[in-house]
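# Observations on chain architecture
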Amino acid sequence: MELDSSIEIPAEKTTILRGRDSEVFMCAWNPTNDLLAAGSRNTARIWDMTDSSSCPSQLKLKHCIQKGRTKISSNIDVSSLSWNSAGTLLATGSFDGYGRIWMTDGRISSILDQHKGPIICSIWNKSGDYILSAGIDKTIIVWDAASGQCKQKFAFYTEPPLDVDWGSNSSFASCGTDKCIHVCHLGVDRPVKSFQGHTDAVNAIKWDPQGNLLASGSDDMTLKIWSMKQDTCVLDLQAHKKEIYTIKWSPTGPRTANPNMNLILASASCDSTVGLWDVERGACIHTMTKHTEPIYNIAFSPDGKFLASGSLDKCVHIWSTQSHQLINSFKGTGRIFDVFWNSKGDKVGASAYDGSVFVLDLRKL
């Protein structure tokens, strides 16, 4: 795809991070420091991006399995990455069935070993007390982050969950191919609420910043909004022409760092578009159409003024959420799996299928 030269970010103004021999599946920027974590086959890495060096220092987090007194490389994909809110610990999940908690110096704090198969996703709660992991074994496990011990296992699922998200520090939601969305509380073995209404697999769920509304995106091409106060969806939005792969709420509105800006929900789809939604009015604000292939991920800047999108067309686009204009574009060398902002909002990263991670320093533009 040809890019407009006036907004295209030249390659010389990007930092390309390599050092791995397979595609990069996901990345996560530390919430308090300029440390960037990325995961691929049997390893994760942490890069220190605090300076403008084209060759930042890195730590290699080797994922191994203990066999007696010997550590053997698992040679299995790292499937998830998640920093705690303090930025002091990194949780990884792997297809070898183990979760691991790492310190920022590369040492392992705990190994989480209760799943009986690949881990699909893992995420910290806001206070950093617990880690939530979901596995192919059709279970979700809540781990005590301090001890690394299993706090509670939820084993009522009939299909493997595809996505999980914390609501409060002691409740979470999950979704998957069974078309249902389950809300669970710690200490209760069964869901306290199960939402039904999607007609195909639910790929993504996200609580809004206040924890009142839950958004879901599905292969049935709809975007639905749910509330714990009722059994049916609050909004049923016919959002896209193909499957919805990911959704994100803006970090704006009441009780956020940007209280004077309206709350926005963004949805990204295999139809190559990103939709921006005003949930209060139940209306589409704008549809962004510059990508030419499915969009795998989107991310709001910390101030909510910009949205980054990454696509299989190898492009990263940065949009204004106020004017809805395309501000910057960068075309990489591989299909983009993930996009993410650092905590200051002055750098955008993207991970690509060809094994590279691109860091766009917006201060240089």
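See the structure shown above.
I will try to describe carefully the structure that is included in this document. Values in this document were obtained by computation on a predicted structure and should not be read as measured data.

## Overview of the overall build of the chain
Helices and strands together make up the secondary structure of the chain, namely zero helices and 34 strands. Computed over C-alpha atoms, the radius of gyration of the chain comes to 20 Å, within 12% of the 21 Å expected from 2.2 N^0.38 for 365 residues, which places it in the range of a compact globule. Principal-axis analysis of the C-alpha atoms gives the chain an extent of 60 × 50 × 35 Å. Burial statistics for the chain: of 365 residues in total, 56% are counted as buried. In the chain, the proportion of contacts linking residues at least 24 apart, taken out of those at least 6 apart, comes to 45%. As presented, the chain carries roughly 15,500 Å² of accessible surface, and 47% of it is formed by carbon and sulfur atoms. Charge-centre separation for the chain: the mean point of 37 positive side chains lies 4 Å from the mean point of 38 negative side chains.

## Some remarks on unusual backbone geometry
Although it is not a glycine, Arg255 sits at a positive phi angle of roughly 60°. Within the secondary structure, Arg255 sits in the loop between strand E24 (244-249) and strand E25 (265-269). Judged by its relative accessible area of 69%, Arg255 is exposed. Positive phi values are uncommon outside glycine, yet Lys314 reaches one of about 75°. Looking at the secondary structure, you find Lys314 in the loop between strand E29 (306-311) and strand E30 (315-320).

What counts, and at which threshold
Residue numbers run consecutively from 1 along every chain, following the written order of its sequence. Residue-level local features of this predicted model are given only where pLDDT is at least 70; pairs of side-chain atoms are given and counted only at 80 or more, and the full residue set underlies all totals for whole chains, interfaces and linings. Side-chain numbers come from the whole structure's heavy atoms, not from hydrogens or water. Strands are runs of DSSP state E lasting at least 2 residues, helices are runs of H or I lasting at least 4, and numbering of each runs from the N terminus. Put simply, the radius of gyration uses C-alpha atoms, and a globule should come to 2.2 Å times the residue count raised to 0.38. When accessible area is computed with a 1.4 Å probe and restricted to protein chains, residues below 20% of their type maximum are described as buried, those above 50% as exposed, and intermediate ones as partly exposed. Residues count as neighbours in contact if any of their non-hydrogen atoms are within 4.5 Å of one another. Only the protein chains shown count as covering a residue, and every accessible area follows the Shrake-Rupley method with a 1.4 Å probe. His is not counted, nor are the chain ends, whereas Lys and Arg count as positive and Asp and Glu as negative. For the purpose of locating charges, the reference atoms are NZ of Lys, CZ of Arg, CG of Asp and CD of Glu.

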